[in-house]
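Chain by chain, the residues:
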Amino acid sequence: MGIYPYSPVGLAPATLKAYCDATPSLSGVSVEIVGFLVDAPAAEVADALGTLGYDVVGFSTYVWNAGLVLEAARRLKALAPGAAVVLGGPEVAGWSRELLSAHPSVDFVVAGEGELTLAELLACLQKAGEGDGYAGVRGLAYRSGGGPAVNPPRPLIEDLGSLPSPFLAGVLDVDRVGPYLFALETYRGCPFGCRYCFWGKHRRVRYFPLERVEAELRLILKSSNLRRVFFSDSVCNLDLGRFKRVLRLLADENPNGIIFDFEMIPDKLDEETLGLLGRLRDGYVAFGLQSTTPAALEQIGRRWRKAALERGVRALRASAGRLKLYIDLIYGLPGDTYRGYLESIRYAMSLLPDKVQPHPLQVLPGSEFWTDPGRYGLEFQREAPHLVERSSTFSAGEVRRAAAWTTPLYVYFNPAVRAAVALLTARPGAVPEDPFRLFVRLLRCLRRVVDLYLVAREVDVDAAAASRLGAVLDAFLRGELRSRGVPAEAATAIRDAVRFYVLCTTMASVPPDWQPPAGLVPLRPGDVVAVSPSCPVATFDFDVTALDGLSPAADPRRSDALPRRPTTVAFNRRLNQPQRLSPALAELVALCDGSRTAGEVASEFAARHGFVVLEVVVPRLLEALGDLVNQGVLDVVAKGAREAAS
């Protein structure tokens, strides 16, 4: 059973089912997948599982769903005492004995890669094995003699090609996943040995056969429902040859424009890789900087290659088209301080990324920090999400102060805020100013007028909040540009660019369920039309449509090259894209204020332009208005009399 943030269908349960289905000894066992979203109430999860009457219920457990899983397991055990409850996943691997001791509703814990262990456990349960009957199942923890028993660990699966693909076996139907496939793995393991993480503890990387990966991707790329896929590989460009083949396939065989996101290291971004990334439609590349404090990096077992990072950032900006750049930071690290964390933010922002992702230190079960916290002066929550409370160098008060930067950094993620910072940084005044200092001053202005939570996102910002954000940014830009002596025309272009990004944020990354009607819906002359609330329309002095889809920080001086011509843009939330309207369409839309019928709009437009043969012109104008209705720019707010009567 899976509980995930974006879709009730997850990779791990599907992978386990595919293996069990292909195991001959389990031919009499029926394995089903049940899924919930992570915000589902525990009672709802338990009631559903109890009603279905399963003999065994396995929970795929992660740091972000562990609380819900344990509460749902407790409730399920009360409803169905005979059901065996099994926990697996990365959250439970490092403390199975403690989990069994603290949670009597849990019967078994599968530690490590679960395919073989789960299949052997089900075979034992099928034979009604009890107590030490499970002693031969490596990687399993269970109850025996009144207490927990923990078997020796199971070796890593060396030949990942021996595992059936849940995609190719038809277990994971990508069209049922929803808009976001939360995890897609092309290999297992991690080359790093970060002391806060269990993932790279063995530092062993094993690859799925590349032919299998390509076959899975071709299946995924055929989906008409998927919009975004996250590669869950620890370093996607670890093996450059494999990665280039994957990128080439994504670039050449992606008719539906699915977006892909990656975690990478900057050291391995050669020219060919960058060129392939530049052919992708959209997505992000995340670099795990974590900290710039040398003592903190030494404590966690990482290195910071500053020159390589900066080369990678510059190269990505120059070549990777619409791909965004994310930089990850962690606060609360031993060896770091609050001041050091601020310096890390300052450095990260100096690179003008699209997003600075702040994370609290999470001391994950089984990691070195978990097993030997005293060595690092760590105090943390023993229960998930295992957040750090203090370290030997980062006091509890400083952890709280660092956490308070989370929302402001997500405000920076807003494209309009980021554009304002980038555009002003590209034109320093007499006293050079770094982006972080500029952002802090802008933040003071925003706090007075805008609820930061309402604008701390890239898209889907409420129209009223976006309007307040736009007003603050425009006032801030006016003052800054005047003080820097920026010429009036360049200043107008900059303000237009930022206003464009403000309105882009009102669109949703995943559009609502609305779809254009099949075929043209005729618009009757008596229908009253108005601009859709889901589609703000604005006119600019410059042609800002050249900015569409490109990061505002990728080239902060692109506003200098915008053509000087009035341009009207509809920010169509229904289709999730800005649409440039021709001057004639812009004038038609301006007349659609909800007080006129379509016939009146067409007649007034014709009269303004001196058209005489109205019986020819008006039907064409009505057809144009009908197209705008079908595209979602206009709404019919009242039906014509004849249609209403029918």
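First things first, this report covers the structure right here in the doc. Predicted, not measured: the structure shown is a model, and the values here were computed from it.

Before going further, it helps to examine the overall build of the chain. Within the chain one finds 24 helices and 23 strands. Burial status across the chain gives 52% buried among its 646 residues. Counted over contacts in the chain with a minimum sequence separation of 6, partners at least 24 positions apart contribute 73%.

Turning next to helix H16 (residues 415–425). Every α-helical turn comprises 3.6 residues, leaving residues that sit three or four positions apart pointing alike. A large share of H16 lies buried, amounting to 10 of its 11 residues. Among the residues of H16, those classed as buried are Pro415, Ala416, Val417, Arg418, Ala419, Ala420, Val421, Ala422, Leu423 and Leu424. Check the buried side of H16 and you find it contacts helix H15 (406–413), helix H17 (435–449), helix H19 (463–483) and helix H20 (488–504). Near the N-terminus of H16, the side chain that reaches the backbone nitrogen of Ala416, with its oxygen 2.9 Å away, is that of Asn414.

What follows concerns the packing of aromatic side chains. Each pair of aromatic rings is reported with the distance of its centres and the angle of its planes. Tallied over the entire structure, the rule returns 24 aromatic pairs. Their ring planes at 85° and their centres at 5.8 Å tell us that Tyr412 and Phe439 sit as a pair that is edge-to-face. One end of the pair, Tyr412, is in helix H15; the other, Phe439, is in helix H17, with 27 residues separating them in the sequence. A network of ring pairs unites the aromatic residues Tyr4, Tyr62, Trp64, Tyr180 and Phe182 as a single cluster.

This part is about H17. End to end, H17 covers 21 Å across 15 residues, agreeing with the expected 21 Å (1.5 Å per residue, within 8%). Every buried residue belonging to H17 is among Pro435, Phe436, Leu438, Phe439, Val440, Leu442, Leu443 and Leu446, and all of these are buried. The inward-facing, buried residues of H17 contact helix H12 (338–350), H15, H16, helix H18 (452–455) and H19. In this structure Asp434 caps H17, since a side-chain oxygen of it lies 3.0 Å from the backbone nitrogen of Phe436.

Moving on: empty space enclosed by the protein. By the definition in use, this model includes four cavities of 30 Å³ or more. Roughly 100 Å³ of internal volume is contained in the largest cavity. Lining the largest cavity are Thr186, Tyr187, Tyr207, Phe231, Asp233, Cys236, Asp239, Arg242, Phe243 and Val246. With three residues, helix H8 (residues 240–252) is the largest single contributor of residues to the lining of the largest cavity.

Moving on to the sheet that holds strand S20 (residues 567–572). By definition, the strands of a sheet pair up through backbone hydrogen bonds, in either a parallel or an antiparallel sense. Reading across the sheet, the three strands line up as S19-S20-S21 and stay open at both edges, with antiparallel pairing between neighbours. The strands lining the two open edges of the sheet, one partner per strand, are strand S19 (537–540) and strand S21 (577–581). Neighbouring strand axes in the sheet, compared pairwise and without regard to direction, differ in orientation by 30° on average. As judged from the five bridges shared by S20 and S21, these two strands associate in the antiparallel manner. Its bridge partner lying in S21, Asn572 is registered against Gln577. Across the sheet, H20 is in contact with S19, S20 and S21; its angle to S19 comes to roughly 170°.

Before going further, it helps to examine the environment of Val449. Along the chain, Val449 falls in helix H17. With relative accessibility at 45%, the residue Val449 sits in the partly exposed group. With 135 residues separating them along the chain, Val449 and Ala584 place their C-alpha atoms 37 Å apart. Discounting chain neighbours no more than four positions away, the residues touching Val449 are Arg468 and Val472.

Applying the stated criterion across every chain yields a total of 41 salt bridges. The closest approach of N and O atoms between Glu71 and Arg75, which form a salt bridge, is 2.9 Å. Here the residue Glu71 and the residue Arg75 both occupy positions in helix H3 (residues 66–79), the gap between them amounting to four residues, near one helical turn. For Glu71, a relative accessible area of 25% puts it in the partly exposed group. Exposure remark for Arg75: the relative accessible area of 35% places this residue in the partly exposed category. Measuring nitrogen to oxygen at the nearest pair gives 3.6 Å for the salt bridge that ties Arg580 to Asp543.

The contact between H12 and H17 brings their axes to 8 Å, and the two run at 105°. Considering the angle they form, H12 stands roughly perpendicular to H17. In this structure, H12 uses Ile345, Arg346, Met349 and Ser350 to contact H17, whose residues at the interface are Pro435, Phe436 and Phe439. The residue makeup of the contact of H12 with H17, split by class, is five nonpolar, one polar and one charged.

Attention now moves to the pairing of strand S11 (residues 228–231). In terms of strand pairing, strand S8 (residues 180–184) meets S11 through three bridges, oriented parallel. The partner of Leu184 across the bridge, within S11, is Phe231.

Turning our eyes to something else, we now look at the nonpolar core. Buried together is how nonpolar side chains tend to be arranged in soluble globular proteins. Ranked by internal contacts, the top residues of the largest apolar core, which has 124 residues, are Phe262 and Leu277. No other element matches the 10 residues that H20 contributes to this core. If we skip the residues at most four places from it in the chain, Phe262 touches Phe231, Cys236, Phe243, Leu247, Leu250, Leu277, Leu280, Tyr284, Val285, Ala286 and Leu323. Formed by 44 residues, the second largest nonpolar core is a distinct cluster that contains Val45, Ala72, Ala73 and Val388.

This next bit is on a nonpolar patch on the surface. Together, Val612, Val613 and Val616 give the surface a local cluster of nonpolar side chains, amounting to about 260 Å² of exposed area. Here Val616 lies in helix H23 (residues 614–631).

Let us now look at the packing of helix H7 (residues 210–221) against H8. Interaxial distance between H7 and H8 falls to 10 Å at its minimum, and their mutual angle equals 20°. The angle between the axes of H7 and H8 places the two elements in the roughly parallel class. Crossing of H7 against H8: the hand is right-handed. Between H7 and H8, the contacting residues are Leu210, Glu211, Val213, Glu214, Leu217, Arg218 and Leu221 on the first element and Arg242, Arg245, Val246, Leu249 and Leu250 on the second. Looking at the contact of H7 with H8 residue by residue, the class counts come to seven nonpolar, no polar and five charged.

Cut-offs applied
- Residues numbered from 1 in each chain as written.
- Predicted model: local features only at pLDDT ≥ 70, side-chain atom pairs only at ≥ 80, totals over all residues.
- Heavy atoms only, no water.
- Helix = DSSP H or I, 4+ residues; strand = E, 2+ residues; numbered from the N terminus.
- Buried < 20%, exposed > 50% of the residue type's maximum accessible area, 1.4 Å probe, protein only.
- Contact = heavy atoms within 4.5 Å.
- Polar contact = N/O pair within 3.5 Å; in protein donor to acceptor, adjacent residues only side chain to side chain.
- Phe/Tyr/Trp six-rings, centres within 6.5 Å; stacked < 30°, edge-to-face > 60°.
- Expected span 1.5 Å × (residues − 1).
- 1 Å grid on protein atoms, 1.4 Å probe; cavity = no way out; pocket = protein on both sides within 12 Å on 5 of 7 lines; lining within 4 Å.
- Points joined across faces, edges and corners; volume = space filled by probe spheres on them.
- Pairing = 2+ DSSP bridges.
- Axes fitted to C-alpha atoms, helices over the stretch in contact; angles between N-to-C directions.
- Salt bridge = Lys/Arg side-chain N within 4 Å of Asp/Glu carboxyl O.
- Parallel < 35°, antiparallel > 145°, perpendicular 65-115°, else oblique.
- Nonpolar A, V, L, I, M, F, W, Y, C, P; charged D, E, K, R; others polar.
- Core = buried A, V, L, I, M, F, W, Y, C linked by side-chain atoms within 4.5 Å.
- Patch = residues over 30% accessible without salt bridge, like charges linked within 9 Å, V, L, I, M, F, W, Y side chains within 5 Å.
- Areas by Shrake-Rupley, 256 points an atom, 1.4 Å probe, with all protein chains shown as cover.
- Left-handed = near helix turned anticlockwise from the far one by under 90°.

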